[in-house]
Amino acid sequence: MAKSHIALKVNGKTVEALVEPRTLLIHFLREQLNLTGPHIGCDTSHCGACTVDLDGKSVKSCTLFAVQADGGELMTIEGVANADGTLHAIQEGFREMHGLQCGFCTPGMITRAYRLLQENKSPTEQEIRMGISGNLCRCTGYQNIVKAIQFAADKINGAMKEAAE
C-alpha cells in the first residue's frame, strides 16, 4: 500500500513521517513516535483511554487516521507537563487528590481534563462530570477525579484547597 507523507506538531515538536492511509492515529503515536501514554482501551471509541488534544479539541485517537492529523498540532499526555518539566496543575491535582487507581484511564483523563480547563476555567462539579463523560474509569468511582480537576482549577485560578486525606 502506498504511504502518505504527513507533517504535524506533536507536543511542540515538528514531526514528519510516512504512514499508510489506514493507520489510526493511536497506532502512529504508539508505534512510530513511541508515545505510549495514550492507551488502546476498547477499540470502539467508548472508553477515552486514547484521548489526545488535536488543534484545541479533545479527540479519541482510535477514531482518526494519522493522515487526518496532517498539518495539525497535537498534544499527548507526554506534552502536558510544564516546559520546565514540573507537573501541570491538572497532573498535580491527580497526584494530590488521589485521582487514579490502576492508572489505565489516567493519560486520557488528564488530557481531557486539561482541555476542559482550557474551555472552562471554573467548572462546577456537574460541568466536570459532563466534561469527562466520554472517558471511562473502572476503578475510582470518579469522586477523586472530580476533586483533582477542581484542585487544578483552583490552583490555576489562585484559590488552593487542601489535599485529599
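Coordinates for the structure precede this section.
As the structure is a computational prediction, the values presented were derived from the model and not from experiment.

### Comments concerning the pairing of strand β1 (residues 4-10)
Then, number 1: With seven bridges joining them, β1 and strand β2 (residues 13-19) adopt antiparallel strand pairing. Among the inter-strand pairings, Ile6 is bridged to a residue of β2, identified as Ala17.
Then, number 2: The turn joining β1 and β2, which pair antiparallel and follow one another in sequence, is formed by two residues; a positive phi near 50° is taken by Asn11.
Then, number 3: Where β1 meets strand β5 (residues 73-75), two bridges bridge the pair, whose relative direction is parallel. Its bridge partner being in β5, Val10 is matched across the sheet by Leu74.

### Let's talk about helix α3 (residues 106-119)
Then, number 1: Its 14 residues give α3 an end-to-end C-alpha distance of 20 Å, which sits within 8% of 20 Å, the value for a rise of 1.5 Å per residue.
Then, number 2: In terms of burial, α3 is a largely internal element, twelve of the 14 residues being buried.
Then, number 3: Those residues of α3 that sit buried are Thr106, Pro107, Gly108, Met109, Ile110, Thr111, Arg112, Ala113, Tyr114, Arg115, Leu116 and Leu117.

### Digging into the side chain of Thr106
Then, number 1: Among the secondary structure elements, Thr106 is positioned in helix α3.
Then, number 2: The residues contacting Thr106, other than those within four sequence positions of it, are Phe94 and Leu100.

### Some remarks on helix α5 (residues 143-157)
Then, number 1: Given a rise of 1.5 Å per residue, 15 residues ought to cover 21 Å, and the 21 Å separating the end C-alpha atoms of α5 matches this to within 8%.
Then, number 2: At its buried positions, α5 is contacted by α2 (89-96), α3 and α4 (125-131).
Then, number 3: One or two steps after α5, the chain reaches Gly158, where phi turns positive at roughly 80°.

### Considering the sheet that holds β1
Within a beta sheet, neighbouring strands are joined by backbone hydrogen bonds and run either parallel or antiparallel to one another.
Then, number 1: On the basis of which strands lie adjacent, the open sheet formed by five strands has the order β2-β1-β5-β3-β4 and mixed pairing. Bordering the open sheet on either side are β2 and β4 (57-60), each of which pairs with just one other strand. Taking the axes of each pair of neighbouring strands and ignoring which way they run, one obtains an average angle of 40° across the sheet.
Then, number 2: Contacts from α3 reach β3 (51-54), β4 and β5, with the element oriented near 35° to β3.

### Some words on the pattern of salt bridges
Then, number 1: Within the structure shown, the criterion is met by six salt bridges.
Then, number 2: A salt bridge links Asp53 to Arg115; the nearest nitrogen and oxygen atoms lie 2.7 Å apart. Placement of the pair is Asp53 in strand β3 and Arg115 in helix α3, with a sequence separation of 62 residues.
Then, number 3: Given the relative accessible area of 14%, Arg115 is considered buried.

### Looking at the nonpolar core
Then, number 1: Ranked by internal contacts, the top residues of the largest apolar core, which has 24 residues, are Val80, Ile90, Phe94, Met109, Ile145 and Ile149.
Then, number 2: The element that contributes the greatest number of residues to this core is α5, accounting for seven residues.
Then, number 3: Aside from chain neighbours lying at most four places away, what touches Ile145 is Phe94, Gly99, Met109, Ile132, Cys137 and Thr140.

Quick notes on the rules
- Residues numbered from 1 in each chain as written.
- Predicted model: local features only at pLDDT ≥ 70, side-chain atom pairs only at ≥ 80, totals over all residues.
- Heavy atoms only, no water.
- Pairing = 2+ DSSP bridges.
- Helix = DSSP H or I, 4+ residues; strand = E, 2+ residues; numbered from the N terminus.
- Expected span 1.5 Å × (residues − 1).
- Buried < 20%, exposed > 50% of the residue type's maximum accessible area, 1.4 Å probe, protein only.
- Contact = heavy atoms within 4.5 Å.
- Axes fitted to C-alpha atoms, helices over the stretch in contact; angles between N-to-C directions.
- Salt bridge = Lys/Arg side-chain N within 4 Å of Asp/Glu carboxyl O.
- Core = buried A, V, L, I, M, F, W, Y, C linked by side-chain atoms within 4.5 Å.

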